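Tertiary structure, described
Read off the chains here:
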Amino acid sequence: MSSRKTFDVVVIGAGVFGAWTAWHLAKRGQRVALIEAYGPGHSRASSGGETRIIRMGYGADELYTRWSQRSLTQWKGFFAATRQPLFLETGVLWMAGDKDKRLEQTSATLKRCDITFEELDRAALEKRYPQIGLDGIERGILEPKSGVLMARRAVAAVVEDAVRLGVEYRCAQATNPREAGRVEHIRTGRGERIAAGQFVFACGPWLGKVFPDVLGTLIFVSRQEVFFFGIPAGDTRFTAPPLPTWLFQEDLVYGMPDIEGRGLKIAFDEHGERVDPDTQSRIVSPTMTEAVRKYAARRFPALKDAPIVETRVCQYENTSNGDFLIDRHPEMENVWSVGGGSGHGFKHGPAVGEYVAGLLLDGAPVEVRFSLETKATTQNRAVY
Ligand SMILES: Cc1cc2nc3c(=O)[nH]c(=O)nc-3n(C[C@H](O)[C@H](O)[C@H](O)COP(=O)(O)OP(=O)(O)OC[C@H]3O[C@@H](n4cnc5c(N)ncnc54)[C@H](O)[C@@H]3O)c2cc1C
C-alpha cells in the first residue's frame, strides 16, 4: 500500500519536539506528514506529563538561557493566538546554600540576557516563603516571568494548530528505515508507504530503538518518578503566587505549587535506573515514595502527613551530557534525529522546531553541541 501523496517532510513522533518541528515546517509552506504511534503527549511519552517547568536559569550556559527566552516568547504568542491559557506565570524560585556557585553564574547570565529576576537572601526567603523549610539554604533567585507549561495539552494544541496549517497527522507506527544513502519513503506498521524528501525522527526515548546501531548506546533512558501531595483543606499557601515553582539546586529536587487542584508536585531530578519506555512499570516504587515523603516533610513541614494524591512515572531521554541531539543520520542523507531532551527539553520545543526547520530548509549549520559526534557512550551530565 502506498500513500499517493509525496510530502516535503515526514516528521515521526508528536511529542513536543516533533509537534513544533511539524508546525514550523508548515508555517514555512512545507507539505508535512506527522506520524505518531500513540497520540500527541500520550502517557508513555516524555512530553506526556500534566506540567513542565519553563525557566531561564541554566547557570553559565547561555545557549539554553537564550533558547528558553526565545521559546517562552513563542509559547506565549502561540497560546495567545490560539486562545488557550496553557502557560502559568507562577514564577520560578531557585534556592541554594552559600557554597553554591551556580546561582551566581545564573544571575550573571540572566543579566547578560536582559531577563528580569530578583535575588533574595535568607532573611528575604524566610519572610516571603514561610511555608518552605530552608535548612541549608542561604540564597535564592526568583524569575517572576517564568513558570509552568501545561505540557500534554500544549503538545495537543500545537498538533491541532499544525493540522490547521495543513499538516497531515496520522496515528501509525513507523518502522525503522534501514537503507543507506537516500531514503525514498518510510513504512508504517500497517504496511503503508509514505514518501517524502526528508524525514525527521523526533522519537524521544524511542530513538535508540529506532536507530539501534547509531543511537542505541548514545541515548540513556532513565526512569523518573513524580509525586503530588494533597494540600490541607482550605490552605492557600501552596498555590501560586504564595508559592512559585521551585528548585533546590544542590538537592536536585524540584516541584510546583498546587495547579488545578492536583497537589504539590515533587520530583527528584537525579537520573533513575535505565528503562525501556515500552515496558517500564508506571507504578511508583516504595523506595522512591519513602524518599520523596521524607523530602516533602523536610522542605514543606505542613505537608508532613499529607496524602500522595497522584503519581506519574515517566522517563528522561538523556544524552551523555544533557545537550540535545539534533543531527543528520550518518548513513541516510535525508534522515534526521531530533531528541535528547535530557530532562530539560520540553520548554525548548518552539526553538527546537524553528532550528530544525532552518537546518532542513536553509541548510543552516548544525550547532556543534547538538551534533552526533559530540555524544559519548558514558554519562557525564553537564547540563541541568
Ligand atoms: C518526569 C519528567 C519531568 C520533566 N520536567 C521537565 C521540565 O520541568 N521542563 C522541561 O523543559 N523539560 C522537562 N522534562 C523533559 C521533557 O519533558 C522532554 O525532554 C521532552 O518532552 C521530550 O520530548 P520529545 O518530543 O523528544 O519526546 P516524546 O515526548 O517522548 O515524544 C516522542 C514521540 O515519538 C513517538 N514515536 C516513537 N517512535 C515512533 C515510531 N516508530 N513511529 C511513530 N511514533 C513514534 C512516541 O510515541 C512519542 O509520542 C521532563 C521529563 C520528564 C520525564
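In what follows, the accompanying structure is described. Keep in mind that this is a model prediction, so the values were computed, not measured. (Residues numbered from 1 in each chain as written. Predicted model: local features only at pLDDT ≥ 70, side-chain atom pairs only at ≥ 80, totals over all residues. Heavy atoms only, no water.)

**Quick look at the state of the cysteines**
Per the stated rule, a full pass over the model turns up zero disulfides. Of all cysteine sulfurs in the structure, the one in C203 sits closest to C171, which takes part in no disulfide; the separation is 14 Å. For C203, a relative accessible area of 11% translates into the label buried. (Disulfide = S-S within 2.5 Å. Buried < 20%, exposed > 50% of the residue type's maximum accessible area, 1.4 Å probe, protein only.)

**Some words on the side chain of R52**
Along the chain, R52 falls in strand β3 (residues 51-54). This buried residue, R52, is left without a salt bridge; E317 holds the nearest opposite charge, at 7.9 Å. Only 2.7 Å separates the side chain of R52 from the backbone oxygen of S46, close enough to count as a polar contact. (Helix = DSSP H or I, 4+ residues; strand = E, 2+ residues; numbered from the N terminus. Lys, Arg positive; Asp, Glu negative; His and termini not counted. Salt bridge = Lys/Arg side-chain N within 4 Å of Asp/Glu carboxyl O. Polar contact = N/O pair within 3.5 Å; in protein donor to acceptor, adjacent residues only side chain to side chain.)

**Observations regarding unusual backbone geometry**
Residue P241 is reached from A240 by a cis peptide bond, and omega for that bond is 10°. In this structure, P241 sits in the loop between β12 (220-229) and β13 (245-248). Although it is not a glycine, R83 adopts a positive phi angle of roughly 55°. Along the polypeptide, R83 turns up in the loop between α2 (62-82) and β4 (87-88). One non-glycine residue, D114, lies in positive phi territory at about 60°. Among the secondary structure elements, D114 is positioned in the loop between α3 (102-112) and β6 (118-121).

**Section: the sheet that holds β4**
With respect to topology, three strands assemble into an open sheet ordered β3-β8-β4, the strand pairing being antiparallel. In the strand order of this sheet, the two ends are held by β3 and β4, each with one partner. Bridge count for β4 against strand β8 (residues 147-150) is two bridges, and the pairing is antiparallel. For L88, the partnering residue across the bridge sits in β8 and is V148. (Pairing = 2+ DSSP bridges.)

**Things to note about empty space enclosed by the protein**
Per the stated rule, a full pass over the model turns up two cavities of 30 Å³ or more. As for the largest cavity, its lining consists of E50, T51, M150, F228, M256, P257, I259, E260, R262, G263 and K265. Residues that form the lining of the largest cavity fall into these classes: five nonpolar, two polar and four charged. Reported here for the second largest cavity is a volume of approximately 30 Å³. Within the residue set of the lining of the second largest cavity, elements represented by two or more residues are α7 (212-215) and β17 (325-328). Of the residues that constitute the lining of the second largest cavity, the class distribution is five nonpolar, two polar and two charged. (1 Å grid on protein atoms, 1.4 Å probe; cavity = no way out; pocket = protein on both sides within 12 Å on 5 of 7 lines; lining within 4 Å. Points joined across faces, edges and corners; volume = space filled by probe spheres on them. Nonpolar A, V, L, I, M, F, W, Y, C, P; charged D, E, K, R; others polar.)

**Thoughts on the site of the ligand**
Every one of the 35 residues lining the ligand counts as a neighbour, but E36, H42, S47, I53 and C314 are closest to it. Within the backbone of V16, an N or O atom sits 3.2 Å from an oxygen atom of the ligand. G343 places a main-chain nitrogen or oxygen 3.4 Å from a nitrogen atom of the ligand. Here the ligand loses 98% of its free accessible area of 1,000 Å² to cover by the protein chains. Of all the secondary-structure elements, those providing two or more residues to the shell around the ligand are α1 (16-27), β2 (32-36), β3 and β16 (308-318). The class makeup of the residues in the shell around the ligand is 19 nonpolar, twelve polar and four charged. (Near = heavy atom within 4 Å. Areas by Shrake-Rupley, 256 points an atom, 1.4 Å probe, with all protein chains shown as cover.)

**Details of the layout of surface pockets**
Taken as a whole, the second largest pocket encloses approximately 160 Å³ of empty space. What lines the second largest pocket is simply M56, Q69, L72, T73, K76, D114, I115, T116, E143, K145 and S146. Per element, the largest residue contribution to the lining of the second largest pocket is four residues, and it comes from α2. In the lining of the second largest pocket, the residues fall into three nonpolar, four polar and four charged.

**A look at the packing of α2 against α3**
Here α2 crosses α3 at 50°, and the two axes come no closer than 10 Å. One way to sum up the angle between α2 and α3 is to call them oblique. Here α2 runs over α3; the crossing is right-handed. For the pair α2 and α3, the contacting residues are E62, T65 and R66 in the first and T109, L110 and R112 in the second. Along the lines of polarity and charge, the residues of the contact of α2 with α3 split into one nonpolar, two polar and three charged. (Axes fitted to C-alpha atoms, helices over the stretch in contact; angles between N-to-C directions. Parallel < 35°, antiparallel > 145°, perpendicular 65-115°, else oblique. Left-handed = near helix turned anticlockwise from the far one by under 90°. Contact = heavy atoms within 4.5 Å.)

**Some points on the packing of aromatic side chains**
Enumeration over the complete set of coordinates arrives at 23 aromatic pairs. Measuring from centroid to centroid gives 5.9 Å for F268 and Y295, while their planes differ by 80°, and the two rings are edge-to-face. Remark: Y295 occurs in helix α8 (residues 286-299) and F268 occurs in strand β15 (residues 264-268); sequence separation between them is 27 residues. Accessibility expressed as a relative area gives 18% for F268, which makes it buried. The class of Y295 is buried, set by a relative accessible area of 8%. Among the aromatic residues, those joined into a cluster by ring pairs are F17, Y58, Y64, W67, F324, Y355 and F370. (Phe/Tyr/Trp six-rings, centres within 6.5 Å; stacked < 30°, edge-to-face > 60°.)

**Quick word on the nonpolar core**
Within the largest apolar cluster, 70 residues are counted, with the highest numbers of intra-cluster contacts made by W75 and I326. Sort the elements by how many residues they give to this core and α1 lands first, with eight residues. In this structure, I12, I35, I186 and V214 belong to the second largest nonpolar core, which totals 28 residues. (Core = buried A, V, L, I, M, F, W, Y, C linked by side-chain atoms within 4.5 Å.)

**Some details on the sheet that holds strand β14 (residues 253-256)**
Spatial strand order, β6-β7-β5-β13-β14-β15-β12-β16: eight strands in an open sheet with mixed pairing. The strands lining the two open edges of the sheet, one partner per strand, are β6 and β16. The sheet shows a mean angle of 20° between the axes of neighbouring strands, direction not considered. By the bridge criterion, four bridges tie β12 to β15 in an arrangement that is antiparallel.

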